[in-house]
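Structural description and commentary
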Amino acid sequence: MSRIELDRVVVRAATPGGPAPEVTVLQETTLDLAEQRIALIGPNGSGKSTLARLVNGLVEPTTGRVTVDGLDVARKGREVRRRVGFVFTDPSAQLVMPTVVEDVALSLRHQVRGREERAAAARSVLASYGLEELADRSVHTLSGGQRQLLALAGVLATDPAVLVADEPTTLLDLRNARMIGDLLLGLPQQLVLATHDLELALRCERALLIDDGAVVADGSPTEVVDHYRASAG
Amino acid sequence: MTRRTPTTDVALIAGFAALIAVCAILPDIKTGIGVPYSLQTFGVLLTGAVLGPVRGFLSVSLYLVAGLVLPIYSGGASGISHYSGVTAGYLVAFPIAAALCGFLVYRNRHNATQFAFVFTCGLLSSFLVVHTLGPLNLAWRADLSLKEAFSFDAAYFPGDIAKNVVMALVATAVHRAFPDLAARKRSAEVEATSAA
Amino acid sequence: MTASPLGDYQPGTSVFHRLPVGAKLLGLLVLSVVAVAFRGVATTGGLLVLAVACCMVAGVRLGRAARALRGVVVAMTLLAAYQTWQRGAEHAFVVVGALVALLLLATVFTTTTSVDRMVDAITRWLEPLRRFGVKPELVALAFSLMIRGIPLTLAIAGETRDAARARGLERNPRAYLTPLVIRVVAHARATGDALHARGLGDE
Ligand SMILES: Nc1ncnc2c1ncn2[C@@H]1O[C@H](COP(=O)(O)OP(=O)(O)OP(=O)(O)O)[C@@H](O)[C@H]1O
Ligand SMILES: [Mg+2]
């Protein structure tokens, strides 16, 4: 299991319109995450995405340090990103190539040399997610569920040790949300999952409740979810 | 907090190249004076005003190069044929006009949300670059005198002024929505990321 | 919607399909300079014959050639009429005939060159610039992103136009262009983040 550590991390952002007054998006936070599946829950705007994005350097700490298996995200960004996969809410921004097979092949550019070999490897990745029929389709023509599944396949193709997912099921219908949720929770990888779906959170080993830029509860998902439900009234 | 990454610059360059393509192939807007104008030059100057000189130039160049094999120039004829034709001067002028417009806007970036300022930058760029290179090539290719070519070109003036008004309205709105778009970059690596 | 943004490429095995992209572009450039430098009835006649021959060798279908010319037919007719009126019919043939010939030759280029080969050629040409900090793979990526971006942007344009119409603002270009461009920027940023997460900024 990998180990994600936040050491006295603070994130501030400039307010739109001027550099002077800054807002604190994440208050000083120190965390050690080594469980298999960790859920981040909390209301809108609480700081879940910010916390998730710190793990692979999409957000930089204003002060403090984030490390993954001892690698400093700010200094060893490249190594960290090879280790940490990231799934976003909106898959259409993640799928960057015109066709399905090309998009997966893009992920494999370091592992497999040669255009033909890469396409073949990409097809076998697609097959393992039941997407082989879609290989030559234009990404634009896929349904939302197919897109999220493809985005996930593209990220998992490189076999990262950690997967960070920021509300990966929010845009999906009930059936696709369940399919993607089951898939994520069944992965051998370490999972950091920001979600509003409390059922998913309950199936993790650890949950963090974020509110107003601070971790306000941390522990077993049942307790943390109860706390959240109580505080939401 | 959020880094300005080279990949975001590449995505913006590509996104605006696609936007110009869409502007060029969308059905023309019907204007009051009866002449339909394509939105192509709107897209070109907007790209400069929003992305600045470097990214703007690269984005318009990407659009032009992709247009060699894709039918995304206005008028619908397939790509490269335009370079053999009488409109090549306008196409070649586009990246230069975008760069000039972006340079003017970004030089005074705190004014990037001022309509009159962005409108003036756009208008200057289209008159100094588009309406000089365009008719010069027209004269050469269609074997017209310079006077004839420049008077044909003048037919586009009213439409261009209208397009610059819309361009400035949209560009200022975008700068208000994304104040960090025109922020100074923090690293030099950005310049090196793309040269389409 | 008039043009399909997916291109005019037509798979085949003609000599033009096998010719390197650079050679084809260079040939076009040379011929278009010749057309102006040696303006005359013979040059234009020769170019027209050459253009038709190339179209036949490349297997350009008649419909495709017609479509390539359709967009410029009005301008060409106007130019021909103007030149006939000002300088006589022969001059009109010389000028307009050469332009039509070059247009047909350009169609040969687009019909026989796929986007893939174009991108490969460009990345190869940019390779020597690597030591000045140019990254050819990012350029290739920009191409892919743009091609993927066209149908996406068309879809957003349709949505913002409908939204403007629903609010009775269809006559106001700003009302649908502003949200369109804002969504293009927002989408580009999300894409940039996703690319960064996939390690593409790290090469
Ligand atoms: N670039 C920025 N500039 C200023 N404020 C920001 C910026 N990015 C995020 N914020 C603010 O930081 C706070 C936390 O945002 P974040 O996206 O992490 O919340 P979240 O918990 O993921 O919310 P949601 O559940 O809605 O996705 C919000 O109040 C947001 O407005
Ligand atoms: Mg969020």
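Check the entry above for the structure.
What counts as what
Residues numbered from 1 in each chain as written. Chains lettered and ligands numbered in written order. Predicted model: local features only at pLDDT ≥ 70, side-chain atom pairs only at ≥ 80, totals over all residues. Heavy atoms only, no water. Helix = DSSP H or I, 4+ residues; strand = E, 2+ residues; numbered from the N terminus. Buried < 20%, exposed > 50% of the residue type's maximum accessible area, 1.4 Å probe, protein only. Core = buried A, V, L, I, M, F, W, Y, C linked by side-chain atoms within 4.5 Å. Domains from an automatic or database assignment. Near = heavy atom within 4 Å. Polar contact = N/O pair within 3.5 Å; in protein donor to acceptor, adjacent residues only side chain to side chain. Areas by Shrake-Rupley, 256 points an atom, 1.4 Å probe, with all protein chains shown as cover. Nonpolar A, V, L, I, M, F, W, Y, C, P; charged D, E, K, R; others polar. Salt bridge = Lys/Arg side-chain N within 4 Å of Asp/Glu carboxyl O. Pairing = 2+ DSSP bridges. Axes fitted to C-alpha atoms, helices over the stretch in contact; angles between N-to-C directions. Contact = heavy atoms within 4.5 Å. Disulfide = S-S within 2.5 Å. Parallel < 35°, antiparallel > 145°, perpendicular 65-115°, else oblique. Left-handed = near helix turned anticlockwise from the far one by under 90°. Expected span 1.5 Å × (residues − 1). Patch = residues over 30% accessible without salt bridge, like charges linked within 9 Å, V, L, I, M, F, W, Y side chains within 5 Å. Right-handed = clockwise from strand over helix to strand, strands pointing away. Phe/Tyr/Trp six-rings, centres within 6.5 Å; stacked < 30°, edge-to-face > 60°.

**Some points on the overall build of chain A**
On a plain count of helices and strands, chain A comes out with 9 helices and 10 strands. Taken along the three principal axes of its C-alpha coordinates, chain A extends 50 × 40 × 40 Å. Burial analysis of chain A (233 residues in total) assigns 53% to the buried set.

**Description of the nonpolar core**
Within the largest apolar cluster, 111 residues are counted, with the highest numbers of intra-cluster contacts made by B:F16, B:F42, B:L46, B:Y63, B:M167, C:L141 and C:M146. Viewed by domain, this core spans two of them, domain 1 (15–114) and domain 2 (135–202) of chain C, each represented by three or more residues. Counting 47 residues, the second-largest nonpolar core is a separate cluster that includes A:V104, A:A153, A:L191 and A:A207.

**Describing the site of ligand 1**
Within the structure, ligand 1 sits among 14 residues, and A:N44, A:G45, A:K48, A:S49 and A:T50 are positioned closest to it. Each of chains A and B places residues near ligand 1. In the model, an oxygen atom of ligand 1 is placed 2.9 Å from a nitrogen or oxygen of the A:N44 side chain. Protein contacts shield 62% of the accessible area of ligand 1, which totals 640 Å² for the unbound molecule. When residues of the shell around ligand 1 are traced back to their parent elements, those giving at least two are β1 (4–14) and α1 (48–54) of chain A. A total of 3 residues in the shell around ligand 1 trace back to one element, the largest contributor, which is α1(A). Grouping the amino acids of the shell around ligand 1 by side-chain chemistry returns 5 nonpolar, 7 polar and 2 charged.

**Let's talk about the pattern of salt bridges**
All names here are of chain A. Scanning all chains against the criterion turns up 21 salt bridges over all chains. When the shortest N-O distance is used, the salt bridge between R8 and D7 registers 3.2 Å. Residue class for D7 comes out partly exposed when judged on its relative accessible area of 33%. One continuous salt-bridge network, built from bridges that share partners, spans R3, E5 and D32.

**As for the sheet that holds strand β9 (residues 206–211) of chain A**
All names here are of chain A. Here we have 6 strands laid out as an open sheet, ordered β6-β7-β8-β3-β9-β10, and mixed in their pairing. Only two strands of the sheet have a single neighbouring strand rather than two, namely β6 (84–87) and β10 (214–219). Within this sheet the neighbouring strands show an average axis-to-axis angle of 15 degrees, counted without direction. Both strand β3 (residues 37–41) and β9 contribute to a ladder of 4 bridges, which runs parallel. Note on β9: the bridge partner recorded for I38 is R206. Sheet strands touched by helix α6 (residues 144–156): β6 and β7 (162–166). Its angle to β6, the strand with the most contacts, is close to 170 degrees. In this fold helix α9 (residues 221–231) packs onto β3, β9 and β10, with an angle of close to 25 degrees to the strand it touches most, β9.

**Some points on the state of the cysteines**
Residues and elements named next belong to chain B. Taken as a whole and assessed by the stated rule, the structure comprises 0 disulfides over all chains. Counting only cysteine sulfurs, C121 is the nearest neighbor of C101, a cysteine outside any disulfide, at a range of 6.0 Å. Residue classification places C101 among the buried residues on the basis of a relative accessible area of 0%.

**Structural notes on the side chain of A:N56**
Following the sequence through the fold, A:N56 ends up in the loop between α1 and β4 (63–68). Apart from the residues within four sequence positions on either side, A:N56 is in contact with A:V73, A:V80, A:R81, A:V84, A:F86 and C:A197.

**Focus: the packing of helix α2 (residues 21–37) of chain C against helix α3 (residues 41–58) of chain C**
All names here are of chain C. Interhelical geometry of α2 versus α3 gives an angle of 155 degrees and a closest axis separation of 9 Å. Between α2 and α3, the crossing angle belongs to the class labelled roughly antiparallel. Viewed along their axes, α2 and α3 form a crossing whose handedness is left-handed. Seen from α2, the contacting residues are L31, V34 and A35; seen from α3, they are T43, L47 and L50. Taken together, the residues of the contact of α2 with α3 sort by class into 5 nonpolar, 1 polar and no charged.

**Brief notes about the pairing of β9(A)**
Residues and elements named next belong to chain A. The buried count for β9 comes to 5 of 6 residues, which makes it a mostly enclosed element. Of the strand pairs in this sheet, β9 and β10 are connected by 5 bridges, and their pairing is antiparallel. Of the residues in β10, the one forming a bridge with L208 is D218. The hairpin formed by β9 and β10 contains 2 residues between the paired strands, and D212 there has a positive phi angle of roughly 50 degrees.

**Brief notes about helix α8 (residues 173–197) of chain C**
End to end, α8(C) covers 36 Å across 25 residues, agreeing with the expected 36 Å (1.5 Å per residue, within 8%). In the segment just after α8(C), C:G199 is the residue with positive phi, at about 80 degrees.

**Quick word on a nonpolar patch on the surface**
Residues and elements named next belong to chain B. Together, F57, V92, I96, L133, L136, L146 and F150 make up an exposed nonpolar region whose accessible area comes to about 560 Å². Mapped onto the nonpolar patch, the elements with two or more residues apiece are α5 (88–107), α6 (115–141) and α7 (146–153). Examined against the element boundaries, F150 turns out to sit in helix α7.

**Concerning the pairing of strand β8 (residues 190–194) of chain A**
Residue and element names in this part refer to chain A. Of all 5 residues in β8, 5 are buried; the element is thus mostly enclosed. Alternating residues of β8 divide into Q190, V192 and A194 and L191 and L193, and every residue in both groups is buried. One ladder, built from 4 bridges, connects β3 with β8; its direction is parallel. When the sheet's bridge partners are listed, R37 is paired in β8 with L191. Across 5 bridges, β7 lies against β8 in parallel orientation. Residue pairing across strands places V162 opposite Q190, the latter belonging to β8. The β-α-β motif built from β7, the intervening helix α7 (residues 174–185) and the parallel element β8 has right-handed crossover chirality.

**Observations concerning the sheet that holds β4(A)**
All names here are of chain A. What the 4 strands build is an open sheet, ordered β2-β1-β4-β5; its pairing is antiparallel. If you trace the sheet from one side to the other, it starts and ends with β2 (22–33) and β5 (71–72), each paired once. The pairing of β1 with β2 spans 8 bridges and is classified as antiparallel. Residue pairing in the sheet places V9 in a bridge with T29 of β2.

**Let's talk about the packing of aromatic side chains**
Going through the model one piece at a time under the given rule, you end up with 3 aromatic pairs over all chains. Here the aromatic rings of A:F86 and A:F88 are separated by 4.6 Å at their centres, their planes lie at 40 degrees, and the arrangement is tilted. A:F88 matches A:F86 in its accessibility class, with the two residues each being buried. With 5.8 Å between their ring centres and 15 degrees between their planes, B:F115 and B:F119 make a pair best called stacked. Of this pair, B:F115 and B:F119 both sit in helix α6, 4 residues apart, which is roughly one turn of the helix.

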